[in-house]
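Residue-level structure breakdown
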Amino acid sequence: MFKIFTKLNRGIFFNEARSWKKVHTRAVPVVLEELNAAEIALEELKNKHIFERYMSLPIPESKVPATYIWIDGTGENVRCQSKTLEINPSSHKEIPNCTFNGSETQQANINNPDCYIVPVAVYNDPIKRGNSKLVLCEAFNAEEKPCKTNHRQRCVEVLNRACEHEIEVSFEQEYLLTDKSGIPFASQSIGDDLPAELHYAGIGAGKVLGREIAECLYRSCLYAGIEITGDRAEKVFGQWEFKLGPSPTIKAADDLWAARYLLSRIAEDYGIGISLDPKFSQQYPGSALTATFSTKFMRNDNGIKHIIEAFKKLEKRHFEHMKVYDAKGGADNKKRLTGKFRTSSAEKFTCGVADRTLSVRMTKLVNLRRNGFLEDRRPAANADPYQVISALVATCLLEM
C-alpha cells in the first residue's frame, strides 16, 4: 500500500543511521491508523499486476480509445475524458468535437453548463498504448465562444500575422514533486538542507528525488510525438525540469500542455502530486517556464542585431508581459522574481549576455556566433505558453 511504502522509504532514505527493522516497526502502526477501508480499496486498484491484465486485452482495430485533454477554468490545470473513435485518425481534423459540464470546471454556470472541446492536436497515448490517442483540445462555452482560459485562439491569430518570420520557440518547464495534499517533499525532508548546487543536475540518494517520474515522462513524450529534448534535476530537492523544442509556431505550446498532462498522469500512478507553483516558500528557489524565442532573421548571419532590437522592444513592454507571465496576473512572479536565488526583479527589466539574473538574455555562444535566439527568463512555471508566445510575437515583431 502506497502510504506505508512511502513512509517507510522516507525513513530509510532520509536517515540511513536507522535500521530497516526499526523504521518498519515504528512506521506501520501509525500508517495503518490513517488508512480506512476506502483507502485500502483504492490502493488495491493501483496494483499494477491487476491493471496490466486488463490493459493487455486486445481490442478491435476499428475501436480507438481517445483521451480528450483541455485547460480548465483555473488556466493552470488540465482535465480529461475519454471517447471511443471509430477510425484511427491521421490528424486532429478527423476527430469529432466533444462536450463537457463546464459548471464543474469553472468554465460555465449551472444554468447553462454545456461546453465544447474542439481537437487541435493529436498524440500517441503512452498510457493506454496501441492505437490509443491523446487529443489536445480548445474549450468553448455554450455560446461557442472561447472560454476565458482559452488563449490559443489569440496565439494563432498573432502567429498568422507573423508567418514570414518563421518563428521557433522552446520551453524549459520546472516542476516540484509533492505529496497527495500538495505539500512539496522539499519542505518535508532533510534533503533541502543541502546546498542547491548539490541538487542541480544531481546524482545520488539524498540529492535527487523522483528520477523515475522524470524518466517516465521523457520516454512517454518521445512515444507520444512531443518534442522533448532534455531534462535534469533542479536546485530544490524534488524539483525537475524538462525542455521542449525548439518547435515551429504553435506546436511548442501544444506540446507543453500535452506534456503537463502526461506529467500529472504519470505522477498519479506513483501516488505523487505535481506542483507548478512558482514560489511555494520564500526559503527556496522558485519554479520557472523559461522561453527561448527566435526568428529566421535572428538565426541568419549577424542576426544579433535583431536580438538586440527585440531586447529594446521588450523593455518598453515589460510590465505588460509580467501580467501574462503567470496564472495570477503577475502576483506569482512578484513572489518569485525578487532578485534573490539568481532571479531578476519583477519591478525592473534587465538584459544582456550570459548572466542568469537578467530578465532576458542571450547566451555566450549566441553572442560569439552573432546569431541565434533570445531567452526570456521571466515566465513562471504556471504560465500559459500560448500567452507567452503571443506576448513575445506581438512585442518583438508586430509592435501590437
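Please read these numbers as outputs of a predicted model, since none were measured by experiment.

Now for the pairing of strand β8 (residues 239-248). By the criterion of burial, β8 is predominantly enclosed, with seven of the 10 residues buried. As paired elements, strand β7 (residues 228-233) and β8 share five bridges and run antiparallel to each other. The partner of A233 across the bridge, within β8, is W240. Adjacent in sequence and paired antiparallel, β7 and β8 are bridged by five residues, among which G238 carries a positive phi angle near 85°.

Time to look at the nonpolar core. Generally speaking, a soluble globular protein has its nonpolar side chains buried in company with each other. If you look at the biggest cluster of nonpolar residues, it comprises 69 residues, and the most contacted ones within it are F171, I226, F242, F293, L374 and V393. Per-element accounting of this core gives the leading share, 11 residues, to helix α8 (residues 251-269). Not counting the four nearest positions on each side in its chain, F293 is found in contact with I167, E168, V169, M298, F373, L374, L392, V393, C396 and L397. Core analysis: the next-biggest nonpolar cluster, separate from the first, contains 14 residues, W70, C98, I117 and A139 among them.

Our next topic: the environment of L263. On the secondary structure map, L263 appears in helix α8. Residue classification places L263 among the buried positions, given a relative accessible area of 2%. Along the chain, L263 and Y175 lie 88 residues apart, while their C-alpha atoms are 9.5 Å from each other. For L263, the residues in contact, after removing those within four places along its chain, are Y175, I213, L217, F242 and I274.

Reading the values: the criteria
- Every chain is numbered on its own, with residues counted from 1 as its sequence reads.
- Local features in this predicted model are restricted to residues of pLDDT 70 or higher, and side-chain atom pairs are both shown and tallied only at a pLDDT of 80 or more, whereas totals for entire chains, interfaces and linings draw on every residue.
- As a rule here, side-chain values cover all heavy atoms of the structure and leave hydrogens and water aside.
- Using a 1.4 Å probe on the protein chains alone, a residue whose accessible area is under 20% of its type maximum counts as buried, one over 50% counts as exposed, and one in between counts as partly exposed.
- A run of H or I in DSSP becomes a helix once it reaches four residues, and a run of E becomes a strand once it reaches two; helices and strands are each numbered from the N terminus.
- Paired strands are those between which DSSP finds at least two bridges.
- Joining through side-chain atoms within 4.5 Å is the link that ties buried Ala, Val, Leu, Ile, Met, Phe, Trp, Tyr and Cys residues into a set, and such a set is a nonpolar core.
- Here, residues are in contact when the closest pair of their heavy atoms is within 4.5 Å.

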